[in-house]
2 protein chains.
Amino acid sequence: MCRYLFCISFNGAAYCGWQVQKNGITVQNVVQDAIERILGLRHNIVACSRTDAGVHANNFYFHIDLELKIPILNFMFALNNVLPADIVVKSIVRVGDGFHARYSCRCKEYIYKVYIGALKNPFLKDLVLPYGRNLNMNNMLEASKFFLGRHNFTSFCNSNSTVKDKVRTIYFIDITLENDIVIFKIKGDGFLYNMVRIMVGTLIEVSEGRFCPNDIKDILENMNRKYAGRTVKASGLYLNEVYY
Amino acid sequence: MCRYLFCISFNGAAYCGWQVQKNGITVQNVVQDAIERILGLRHNIVACSRTDAGVHANNFYFHIDLELKIPILNFMFALNNVLPADIVVKSIVRVGDGFHARYSCRCKEYIYKVYIGALKNPFLKDLVLPYGRNLNMNNMLEASKFFLGRHNFTSFCNSNSTVKDKVRTIYFIDITLENDIVIFKIKGDGFLYNMVRIMVGTLIEVSEGRFCPNDIKDILENMNRKYAGRTVKASGLYLNEVYY
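Just so you know, these numbers come straight off a predicted model, no measurement behind them. Here the residue numbering is sequential within each chain, running from 1 through the sequence in written order. A letter from A marks each chain and a number from 1 marks each ligand, given out in the order of writing. In keeping with the predicted nature of the model, local features appear solely for residues at pLDDT of at least 70, side-chain atom pairs appear and are counted solely at 80 or more, and the whole-chain, interface and lining totals rest on all residues. Side-chain calculation: all heavy atoms of the structure are included, whereas hydrogens and water are not.

Points about the overall build of chain A
At step 1: Counting from the N terminus, the helices are the DSSP runs of H or I reaching at least four residues and the strands are the DSSP runs of E reaching at least two. Within chain A one finds five helices and 10 strands.
At step 2: Between the two quantities, the radius of gyration covers C-alpha atoms and the globule rule is 2.2 Å times the number of residues to the power 0.38. Taken over C-alpha atoms, the radius of gyration comes to 19 Å for chain A, in line with the 18 Å a tight globule of 244 residues would show.
At step 3: Along the three orthogonal principal directions, the C-alpha set of chain A runs to about 60 × 40 × 30 Å.
At step 4: The classification of residues rests on relative accessible area computed with a 1.4 Å probe and restricted to protein chains. Under 20% of the type maximum is buried, over 50% is exposed, and intermediate values are partly exposed. A buried classification covers 55% of the 244 residues belonging to chain A.
At step 5: When contacts within chain A are restricted to residue pairs at least 6 apart in sequence, long-range pairs at least 24 apart make up 70% of them.
At step 6: Counting only carbon and sulfur atoms, one obtains 48% of the accessible surface of chain A, whose full area is about 11,400 Å². Any two residues whose heavy atoms approach within 4.5 Å are treated as being in contact. Residue exposure ignores everything except the shown protein chains as possible cover, and the areas themselves are Shrake-Rupley values with a 1.4 Å probe.

Details of helix 2 (residues 72-82) of chain A
Residue and element names in this part refer to chain A.
At step 1: Taken as a whole, helix 2 has its buried residues at F75, M76, L79 and N80. One face of helix 2 carries all of its buried residues, which in axial projection span an arc of 130°. Projecting away from the buried face of helix 2 at angles above 90 degrees are the exposed residues L73, F77 and N81.
At step 2: Structurally, helix 2 contributes buried residues whose contacts are with strand 1 (2-10), helix 1 (27-39), strand 3 (56-66) and strand 4 (87-95). The reported arc concerns the directions from the helix axis to the C-beta atoms and nothing else.

Brief notes about the interface of chain B and chain A
At step 1: Of the residues lining the interface, 24 residues belong to chain B; the matching set on chain A comes to 24 residues.
At step 2: Here the quantity called buried area is the accessible surface, traced with a 1.4 Å probe, that two parts lose on coming together, added over both. When the two sides are added together, the surface that chain B and chain A hide from each other amounts to roughly 1,700 Å², 69% of it contributed by carbon and sulfur.
At step 3: Any Lys or Arg side-chain nitrogen located within 4 Å of an Asp or Glu carboxyl oxygen qualifies as a salt bridge. Seen at the junction of chain B and chain A, the total is two salt bridges.
At step 4: Across the salt bridge formed by K125 of chain A and D86 of chain B, the nearest N and O atoms sit 3.5 Å from each other.
At step 5: Here a polar contact is taken to be a pair of N or O atoms separated by no more than 3.5 Å, where protein atoms must pair a possible hydrogen donor with a possible acceptor and residues adjacent in sequence count only if both atoms sit in side chains. Counting every contact that joins chain B to chain A gives 10 residue pairs in polar contact (both at pLDDT 80 or more).
At step 6: Residue assignment for the side of chain B that touches chain A shows that the elements contributing at least two residues are strand 1 (2-10), strand 3 (56-66), helix 2 (72-82) and strand 4 (87-95) of chain B.
At step 7: The greatest single-element share of the side of chain B that touches chain A, amounting to four residues, is contributed by strand 4 of chain B.
At step 8: Under the scheme applied here, ten amino acids are nonpolar (Ala, Val, Leu, Ile, Met, Phe, Trp, Tyr, Cys and Pro), four are charged (Asp, Glu, Lys and Arg), and all others, including Gly, are polar. Here the side of chain B that touches chain A is composed, by residue class, of 14 nonpolar, six polar and four charged.

Brief notes about unusual backbone geometry
At step 1: If you check the backbone angles, M223 of chain A has positive phi at about 45° while not being a glycine.
At step 2: With relative accessibility at 43%, the residue M223 of chain A sits in the partly exposed group.
At step 3: Of note, N179 of chain B is a non-glycine position whose phi angle comes to about 50°, a positive value.
At step 4: With respect to the secondary-structure elements, N179 of chain B resides in the loop between strand 8 (167-178) and strand 9 (181-188).
At step 5: For N179 of chain B, a relative accessible area of 71% corresponds to the exposed category.

Re the domain arrangement of chain A
Residue and element names in this part refer to chain A.
At step 1: Each domain's extent was defined by an automatic or database domain assignment. Assigned domains of chain A: these are domain 1 (2-95) and domain 2 (107-243).
At step 2: Spacing between the C-alpha centres of domain 1 and domain 2 amounts to 27 Å.
At step 3: Where domain 1 abuts domain 2, roughly 1,200 Å² becomes buried across the two surfaces, and 51% of that area is made up of carbon and sulfur atoms.
At step 4: Sorting the residues of domain 1 by area buried against domain 2 places D52, H56 and N58 first, and these three jointly supply 42% of that buried surface.

What to know about the pattern of salt bridges
At step 1: On inspection of all chains with the given rule, the structure shows 18 salt bridges over all chains.
At step 2: The salt bridge involving D65 of chain A is made with R3 of chain A; its shortest N-O contact spans 2.8 Å. In this pair, D65 of chain A sits in strand 3 while R3 of chain A sits in strand 1, placing the two residues 62 residues apart along the sequence.
At step 3: Relative accessible area serves as the criterion here: at 14%, R3 of chain A is assigned to the buried category.
At step 4: For the salt bridge of R197 of chain B with D52 of chain B, the shortest nitrogen-to-oxygen distance reads 3.2 Å. On the criterion of sequence distance, the pair formed by R197 of chain B in helix 4 (residues 195-207) and D52 of chain B in the loop between strand 2 (46-47) and strand 3 is long-range, its members being 145 residues apart.
At step 5: Using a relative accessible area of 13% as the deciding quantity, one classes R197 of chain B as buried.
At step 6: Put simply, R133, E205, E208, R210 and R230 of chain A are held in one network by salt bridges that share partners.

This is how it looks when you write it as structure tokens:
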């Protein structure tokens, strides 16, 4: 029995998020079924995190303890053959028994995509937040710098969250424009429930003039969800990388 | 009552093609419903062509005779608000009564996209033909030149087609590679049923070595569907432009 770390990428449009649940098909369901179909056994999957319905992943990780009797690459090839077109296994590597997809994670990077083209783009359906007008990049960039460093992110956490320690560190944040898509990239040691979506929603409200860039400082200090901006749609969110 | 020419773009993944039919939702259904919802009347739509289930369009045209009491741009804005995320109206222009979306068409351009990345890309689901390995660009380019000009395309037409005159003229054909996507671009005065998909399928079989580049000449001359290559999937096909 060895521990393997899987890296997958998925288009979350058709799924109720990663984690198995009662009310719909999840990415975990489909991956677990695919593995069972090839190995003949149901395996326990330990993932780097959950994702909400409609959220995507460029790189999402999970570990499984397996008795693998075929070469890893053959197993990966077989899995990709069985998995649907919106989920792909990118790599499988053997890791030590002490490695844990969730607890060994040092930091994570998310991307959020906002489409600013005046007309919606039918080929970006479910892959971006359609916004349809310009965003004030300068003001958003200025505002975004207040997120850097160690802060209590209570104001940027869904109020239903039961997590007690809401202090997180943001290492990097940048906002760029590429082919009418504004890309928010945020790297931190951990993220609270809806945190990226509320951060981006608040930055968009900075662009809209509801907040000044340095209001972010006060919103953080107020430690209350009601002071931050709206939670933007899941469809623009991508788990981009997990760092171990 | 004036005649208007509409240009729309749609992601065909969720639709049973353009034309209204019994067994599923079509793009025409959705567009007609949207127009009816805004104007309160069912209108007759005359389109530039049909498209098969799963086929996309960057620019697809239809005309309607309308009594329009609001400015065209307001009408277009209202329509885009009502239409789902995978269909967008790009322009509406007033045309003369003699103009006809189908019969006034001088030529059409199609694009076909083949993804050659070794791993499938979940974000291109339903938007390309996943091929997973390299294509021999040189051989396909050499072969493609035999399509240029005026030929009888019986060999490149679905054998169920009832069209009698199968002579068509190809003005332009090119094959390029961009970010692991091989793009076939074909412009002609008209296209038979499945013609682009059989042309691309045959060029792929040239790449695979089943045909030599100059076999295309013989396949055309044989005037029999069985001599050409396979019909590739609808998901890679885009109506790119219609020239009036």
